[in-house]
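# Summary of structural features
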Amino acid sequence: MSAGQSRRNLPVAGWLGNYRKGRLRGDLLGALTAWALIVPESVAYAQIAGVPPQNAFYAAPVALLVYALFGRSNFLIIGATSAAAVLSAAAVSEISGDPKDAVGLSAALAVIVGVVLLVAGIARLGFITNFLAEPALVGFLFGMALTIVVRQCAKIVGVSSGDGDFFERLWTLLSKAPDWSLATLAVGAAALSLLFLLERFVPRLPAALIVLVLGLGLSAALGLEGHGVDTVGKIPSAVPVPHLPGIPAEDWIALAAGALGVALVVFAEAFSIANRFAREHGQEVDADREMAAVGLSNIAVGLVRGFAVSGSASRSAAAIGAGGRTPMVSLVAAALVLLTGAFLTPLFTDLPEPVLGAIVIVAVRSFMRVGELRRYAAYDRRSLWVALTALIGVLLFDLLPGLLLAVALSLVLFIAAASRRNVAVLGLLPGTRLYADTAQHPDAATVSGVLAVRPDGSLFFGNVNRVRLAVRDRVAGTTPPPRAVVLDLTGSYRLSIPVLDELDELREELARKDIALHLAHVRSRAEHDLARHALADHLGPHGRHRTVDDAVSAAVGGPV
């Protein structure tokens, strides 16, 4: 294998071979900062995912290591995230509500998610995330954050929120107000207040780690468990070792449907973060290769009893802010987390549950983008309704149905936008042989006896009928009626059979009125499609032209 092939298949060979010692200090600081966030957040997200805390320590170093080897982003930190954890829990709960089954099911789900992403990346399907509309994603993530908050609020007040959707859990929580533990509420409120104060006044400090350490210290010193405050309890030492998820074959099959939705959000989250930071530093990331790298990370995590992972915006941003500039950050952070899991887990025994709840609430706060909803309300009401529909769908029907609703809304928006094609009338620009939209160029002159038109975009099954009707209306509105119609297909790189059938029907309609149809600017791939359809024979060699000018000249019998 050549050096170039090695760098393409194993990116670490490229950046590690060119690594400069001058970057080491910043990368070490970035790794320490990332570690300070990974430790408390991993414990918290394990609880969201419904698995023991040690499983987070199995997964974290493996995810960091695999992405450092195969990922293309210099800045992305892969690991447990609130979105991935809550989606994992939702998918697993559909199969079994028994906590004893959660570890195996969560690990199997991560493997399936990873395989889906790896295969999709190899098949170059990274473009799929472009069809998840931003307003739908904003609404989904907002609803997801509210769902997480109401579940974590139960830890803040020391009661169970029960089962059901967001509103049922909220009602259960409020109806149990007489049973709220004052000691638990005091710890949770103090943790929340301190987190907000640290973020507000000293944002460069690892607020989550500081609150975690203080919570541990106060819990041990004051004996909070004896005052009715729940604690995490003993966490076994966590060294990741290969372990196949031991679940029945039917459970693998049952997880597959939910895994598709989890995979979509996991990659959309990771790629959006990687792409944003890459562009800020004058770089680009390849969606297909990133999809494969995130897939490999999830497969590896699933094989060490972890749960689904994605890209973390908070950890990535914190590492960059501390000076991290290369994947060395992930390698060093992986070593630090591995040491933590192997030797330091006993330190977390006295960690109060309300402190963990507070850390999670603050972590998901960024998903509640009220400002973005206000912007939609001010400038784009359609986007607002899409976001609110996805948000309410999550609150009413839970996360996975809400995700499917968000995806469906995105597809509807795409099809609706693609199906609306304006058909421009073209005219000859003075002193040139170029034809332009007469609505944008009033000085462009139409040619007597010829109606030259151009759809503003590619033709496909969802819009070609509208284009045919629009051309027919243009013909009916032209006085005197044209002898020929020139259809400029500049925007169509492929012509499917439904499109060609509709164009042939248009040709027949025009022929009945003694109007000839000419096609111009037929792209090479579209020409190949056209050549295999009856429309090509019906048009004949004189009905297809390289330019609009050639087509108009042929229609009038000579140069205009």
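Note: the structure precedes this text.
So, here is what we can say about the structure in this document.

Parameters at a glance
Within every chain, residues take consecutive numbers counted from 1 along the sequence as written. Totals for whole chains, interfaces and linings use every residue, but because this is a predicted model, local features are given only for residues with pLDDT of at least 70 and side-chain atom pairs only at 80 or more, for both listing and counting. Only hydrogens and water are set aside when side-chain values are computed; all heavy atoms of the structure are taken into account. Runs of H or I in DSSP of at least four residues are treated as helices and runs of E of at least two as strands, each being numbered from the N terminus. Take the residue count of a helix, subtract one, and multiply by 1.5 Å to get its expected span. Relative accessibility under 20% of the residue-type maximum defines a buried residue, over 50% an exposed one, and the middle range a partly exposed one, all with a 1.4 Å probe and only protein chains included. Both site types are read off a 1 Å grid over the protein atoms alone. A 1.4 Å probe that fits but cannot get out defines a cavity, while an open set with protein on both sides within 12 Å along at least five of seven lines defines a pocket; lining residues have an atom within 4 Å of a point. Grid points are joined across faces, edges and corners, and a volume is the space filled by probe spheres set on the points. Classification used: nonpolar for Ala, Val, Leu, Ile, Met, Phe, Trp, Tyr, Cys and Pro, charged for Asp, Glu, Lys and Arg, polar for all others including Gly. When the centres of two rings from Phe, Tyr and Trp lie within 6.5 Å, Trp using its six-membered ring, the rings pair. Their planes under 30 degrees apart give stacked, over 60 give edge-to-face, and anything left gives tilted. Criterion for a charge above a ring: Arg CZ or Lys NZ at most 6 Å from the ring centre, at most 35 degrees from the ring normal. Should a side-chain nitrogen of Lys or Arg be within 4 Å of a carboxyl oxygen of Asp or Glu, the pair is scored as a salt bridge. A contact between two residues is defined here by any heavy atoms of the two lying within 4.5 Å. Paired strands are those between which DSSP finds at least two bridges. For the handedness criterion, the strands are oriented away from the viewer, and a crossover whose path from the first strand over the helix to the second runs clockwise is classed as right-handed.

What follows deals with helix α14 (residues 328–344). Since the α-helix turns once every 3.6 residues, residues separated by three or four places project in the same direction. Over its 17 residues, α14 extends 23 Å from the first C-alpha to the last, a length consistent with the 24 Å expected when each residue adds 1.5 Å. Of all the residues in α14, the buried ones are Met-328, Val-329, Ser-330, Val-332, Ala-333, Ala-334, Val-337, Thr-340, Gly-341 and Ala-342.

This part covers the layout of surface pockets. In this structure, the second largest pocket spans a volume of roughly 990 Å³. Put simply, the parts of the chain that give the lining of the second largest pocket at least two residues each are α3 (24–49), α5 (82–93), α6 (99–122), α7 (134–157) and α15 (353–364). Top contributing element to the lining of the second largest pocket by residue count: α7, with 5 residues. For the lining of the second largest pocket, a count of residues per class yields 11 nonpolar, 12 polar and 9 charged.

Below, the discussion takes up empty space enclosed by the protein. Here the structure, examined in full by the defined rule, presents 5 cavities of 30 Å³ or more. Counted as a void, the largest cavity has a volume near 80 Å³. Forming the boundary of the largest cavity are 15 residues, of which Asn-74, Phe-75, Ile-77, Thr-326 and Val-329 lie nearest the centre. Of all the elements in the fold, those that place two or more residues in the lining of the largest cavity are α4 (53–70), α13 (313–321) and α14. Its boundaries defined by the atoms lining it, the second largest cavity holds a volume of some 40 Å³.

A few words now on the packing of aromatic side chains. Overall, the coordinates contain 3 aromatic pairs when judged by the stated rule. Here the basic side chain of Arg-200 rests over the ring of Phe-201, its NZ or CZ set 5.3 Å away from the ring centre.

Next up on the list: the pattern of salt bridges. For the structure on display, the rule yields 15 salt bridges. Among the salt bridges present, the one from Glu-199 reaches Arg-365, with a minimum N-O distance of 2.4 Å. Placement of Glu-199 in helix α9 (residues 182–201) and of Arg-365 in the loop between α15 and α16 (370–379) is noted, with a sequence separation of 166 residues between them. With relative accessibility at 33%, the residue Glu-199 sits in the partly exposed group. Its salt-bridge partner being Asp-549, residue Arg-433 comes within 2.9 Å of it at the nearest N-O pair. Highlighted residues: Arg-433 in the loop between β3 (423–428) and β4 (435–437) and Asp-549 in helix α23 (residues 548–556), separated in sequence by 116 residues.

Turning our eyes to something else, we now look at the side chain of Asn-298. Inspection of the secondary structure puts Asn-298 in helix α12 (residues 287–302). Judged by its relative accessible area of 0%, Asn-298 falls in the buried class. With residues near it in sequence (within four places) discarded, Asn-298 still touches Ala-110, Val-111, Val-113, Gly-114, Leu-117, Val-266, Ala-308 and Val-309.

Bringing the sheet that holds β3 into the picture now. The strands that make up a sheet pair up through hydrogen bonds in the backbone, lying either parallel or antiparallel. An order of β4-β3-β5-β6-β7-β8 is seen for the 6 strands of this open sheet, with the pairing classed as mixed. In this open sheet, the two strands that pair with only one neighbour each are β4 and β8 (544–545). With 2 bridges joining them, strand β7 (residues 516–520) and β8 adopt parallel strand pairing. Among the inter-strand pairings, Ala-520 is bridged to a residue of β8, identified as His-545.

Let's shift gears to the pairing of β7. Of all 5 residues in β7, 4 are buried; the element is thus mostly enclosed. Sheet topology places strand β6 (residues 484–488) next to β7; 5 bridges connect them, and they run parallel. In the sheet register, Leu-487 faces β7, and the bridge partner there is Leu-519. The parallel pair β6 and β7, bridged by helix α20 (residues 497–512), forms a crossover whose chirality is right-handed.

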